[in-house]
Amino acid sequence: MLHIELTSSLHQLSYQLLKRPTNTRSIVQVYFQNFLYPFRFLPFMRFITILQAVLLGALPLLSQAQTTASKPISTDLFGIFFEDINYAADGGLYAELVQNRSFEYAPSDHDGWDALTSWDYLHEGFAMGSVSVESASALHENNPHYVRLRVENPLQKGLGLRNTGFDGIALRAEEKYNFSLWARAQGAAAMPLLVQLRDPKGVVLAEATLQAQGTGWQQYRATLTPTVAVPAASLVVLATGKGVVDLDMVSLLPQKTFHSRPNGLRADLAQSIADLKPKFVRFPGGCLTHGDGLDNLYQWKNTIGPVEQRVAQRNIWGYHQTAGLGYFEYFQFCEDIGAKPLPVVAAGVSCQNSGGTWRVGGIGQQALAPADMAAYTQDVLDLVEWANGPVTSPWGAKRAAAGHPAPFNLEYVGIGNEDKITPEFSSRFQQLYAAVHARYPALKIVGTVGPGPKGEDYDLGWALATQLQVPVVDEHYYERPRWFLSNNRRYDHYDRTHSKVYLGEYASQGNALFNALAEAAYMTGLERNGDVVQLASYAPLLAKEGHTQWNPDLIYFTNTTVAPTVNYYVQQLFGQNQGNTYHAGVVALPTGMATDTTLAASCVRDARTGDVVLKLVNAGPTAQTFPIDLRGFAGLGSAATCTVLTGDKEAKNTLAAPGTVLPKAAPYKAAKRFSYPAAPYSLTIIRVRGKGKGN
Ligand code: AHR
């Protein structure tokens, strides 16, 4: 209602301002008679911000001859959401190839799992002995289980274990793999350990022999180099002498990880993420952040330090998280890809769906006892110190000890993940917010406003954020493509004096081209509102074939392939073409189509290069011509690149056919004024090169 009044008043105002001589008296008259009167009770500054928002939102609808207005927009707008769902971390982005390397799997992770899941007992050549899972004197208290091999008689080949990885271990020919394990020989004599990579038929691809000796736990290493590629190999460790030996943390990592980081990330998957050019990376989720009950909250301190000392835990999505990809690896990845970290911590409450959906009788949201909040609050403060503190600070020293003395320059921290806004949540959020804000006033704290685009939690969350003046709030919604098309103007009406928005999770419930175009159209609206939308990330990011708990996702993968969806290419095109000012009135919707929600467009400028980027979305079945007017820009040449993503409305990229819909780029010559015919079902990016830096 407010929008209709404002928009119709604006049309009157702009018409009269533009068609009549612009002397001061007539402007003031028009202002008071036609426009200001309905808002006579609004405070002046509030009125000005609303007017600015409406002007900038409505200008694309006006005719081309009208004015061009620009405004600064967020320079962090498009980023990514990472959560260990769908085997995104263990078995996915984390490059570890051994599954259950520390014998910590348990039935609570997943029905039927135990400490020997993914391991087979091998007694080849008639060896005699036994294997048992022990915990009497563990490698570390955080890593309580290990395996004991008792070799009564090794006979020809010894006895031991075989690990089959995550659906097999994918090996590349002539590449080096770092094998390591912790072992403790019981007895004075050394225990020979034969380590082998084998193909599915048992053929040995590479091997090494280690001698475990000494009294305590020690780490042993070897490099294995298979000469042939095998998509589903296994790793074998055999004790070939008589005696007893304990084993733990049996690990195999490729040397070729992303940026060659030790304990690093799978290079091809990490590269596909880097290619999105995300401005930020949210971590560790999602529901994983606030967990399935209080014991399952994601505790960042459990995920740093030597991997054998980290605390593994049950993954809320029904499997196991080793924390091998922990906070250090996350921050380092952000640095490697030039993205800002955006860690999200639980707000002192667990997921409202703990123990099953609360609506159907789950235990619901659990809250930390008030007495536990001081320690928890300190943990959150320590996270900021660990990221940014000097090496002389207690937590900055731990970062330095891990190999990163320079601060990570953390700018954002999220508190809470789409929590139910209960009194328990609100009091804990306030406590955390107050403590972090008091200690780190420059940090941009991101609050939370529930799991949907509206409703009780949205209203209560926004009211709380407004009351506390939280800098940014996190909105989540998974809706149909038509919802995204018809809600393109959602943020045009947001109050610019309130919290900014992080659209932390969104997706249009499908991976067809039409879904991706609906998201693209919506993203033009995010750019147009980049003064109030600070950050946005599609969710979820990764999904492993055969282990997918949530669809749709942005990137599907197996152990050997990566299949970015069409939605991925939309995210990539927006990510690679971000700007820092938004320009209204440059590209208009096709004549007579102003109310057609399948059409959308935006224009941003990248100050770094001076380039102007036009994004045109046609999510309808007929070609549409967008008029473009670049006359308002100084320092712009005609050289441009035009990139088009188009195809059949229902087309998808799959693991079997990953290249069904791909963006195609070609040189383009832009004019000061021109029309661009956008193909049916297409996203077009026209990047006109500026004469600024970098060009
Ligand atoms: O993105 C998948 C899940 O959706 C997230 O974990 C949760 O925050 C949301 O409900």
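Every value quoted in this text rests on a predicted model; they were computed, and no experiment measured them.

Observations regarding the overall build of the protein
Item 1. Within the protein, the secondary structure is distributed over 14 helices and 33 strands.
Item 2. Intrachain contacts of the protein at a sequence separation of at least 6 include 75% that bridge at least 24 residues.
Item 3. In the form shown here, the protein has an accessible surface area of approximately 27100 Å², with 55% of it arising from carbon and sulfur atoms.

A closer look at a nonpolar patch on the surface
Item 1. Among the surface-exposed residues, Phe126, Met128 and Leu155 lie close enough to one another that they form a single nonpolar patch of about 340 Å² accessible area.
Item 2. Mapped onto the elements of the fold, methionine 128 is located in strand S4 (residues 128-134).

Some words on helix H8 (residues 370-388)
For an α-helix, the turn length of 3.6 residues means that residues three or four places apart are oriented alike.
Item 1. Under the 1.5 Å per step criterion, the end-to-end length of H8 is 28 Å for 19 residues, consistent within 8% with the ideal 27 Å.
Item 2. Restricting attention to buried positions, one finds in H8 the residues Met373, Tyr376, Thr377, Val380, Leu381, Asp382, Leu383, Val384, Glu385, Trp386 and Ala387.

Points about the site of the ligand
Item 1. By nearness alone, every residue bordering the ligand is listed as Phe81, Glu83, Gly286, Cys287, Trp317, Asn417, Glu418, Tyr478, Glu505, Pro540 and Trp550.
Item 2. In the environment of the ligand, an oxygen atom lies 2.6 Å from a nitrogen or oxygen atom belonging to the side chain of glutamate 83.
Item 3. Residue cysteine 287 places a main-chain N or O atom 2.7 Å away from an oxygen atom belonging to the ligand.
Item 4. Considered on its own, the ligand offers 280 Å² of accessible surface; in the complex 94% of this is hidden by protein.
Item 5. In terms of residue class, the shell around the ligand is made up of six nonpolar, two polar and three charged.

A word on the environment of lysine 420
Item 1. Within the secondary structure, lysine 420 is located in the loop between strand S18 (412-415) and helix H10 (423-439).
Item 2. Sequence separation between lysine 420 and glycine 450 is 30 residues, and the spatial gap between their C-alpha atoms is 6.1 Å.
Item 3. When near neighbours in sequence (up to four residues on either side) are disregarded, lysine 420 contacts Gln352, Trp358, Gln365, Phe425, Glu456 and Asp457.

Things to note about the confidence of the model for the protein
Item 1. Residue-level pLDDT values for the protein average 91, and 90% of them are 70 or greater.
Item 2. In this model, residues 1-67 is a region of pLDDT below 50 whose contacts with residues beyond four sequence positions or in other chains number 78 contacts.

Description of the packing of helix H13 (residues 513-528) against helix H14 (residues 566-576)
Item 1. Close contact between H13 and H14 brings their axes to 8 Å; oriented N to C, the two are set at 25 degrees. Judged by the angle between their axes, H13 and H14 are roughly parallel. Note on packing geometry: the crossing formed by H13 with H14 is right-handed. For the pair H13 and H14, contact is made by Leu513, Asn515, Ala516, Glu519, Ala520, Met523, Thr524 and Glu527 and by Val566, Asn567, Val570, Gln571 and Phe574, respectively.
Item 2. Of the residues contributing to the contact of H13 with H14, the split by class is seven nonpolar, four polar and two charged.

A closer look at the packing of H10 against helix H11 (residues 456-468)
Item 1. As a packed pair, H10 and H11 sit with axes 12 Å apart at the nearest point and diverge in direction by 30 degrees. Comparing the axis directions of H10 and H11 gives the class roughly parallel. In terms of crossing hand, the pair formed by H10 and H11 is right-handed. Contacts from Phe425, Ser426, Phe429, Gln430 and Tyr433 in H10 reach Leu464, Gln467 and Leu468 in H11.
Item 2. Split into classes, the residues belonging to the contact of H10 with H11 amount to five nonpolar, three polar and no charged.

Cut-offs used in this document
Residues numbered from 1 in each chain as written. Predicted model: local features only at pLDDT ≥ 70, side-chain atom pairs only at ≥ 80, totals over all residues. Heavy atoms only, no water. Helix = DSSP H or I, 4+ residues; strand = E, 2+ residues; numbered from the N terminus. Contact = heavy atoms within 4.5 Å. Areas by Shrake-Rupley, 256 points an atom, 1.4 Å probe, with all protein chains shown as cover. Patch = residues over 30% accessible without salt bridge, like charges linked within 9 Å, V, L, I, M, F, W, Y side chains within 5 Å. Salt bridge = Lys/Arg side-chain N within 4 Å of Asp/Glu carboxyl O. Expected span 1.5 Å × (residues − 1). Buried < 20%, exposed > 50% of the residue type's maximum accessible area, 1.4 Å probe, protein only. Near = heavy atom within 4 Å. Polar contact = N/O pair within 3.5 Å; in protein donor to acceptor, adjacent residues only side chain to side chain. Nonpolar A, V, L, I, M, F, W, Y, C, P; charged D, E, K, R; others polar. pLDDT = per-residue confidence, 0-100. Axes fitted to C-alpha atoms, helices over the stretch in contact; angles between N-to-C directions. Parallel < 35°, antiparallel > 145°, perpendicular 65-115°, else oblique. Left-handed = near helix turned anticlockwise from the far one by under 90°.

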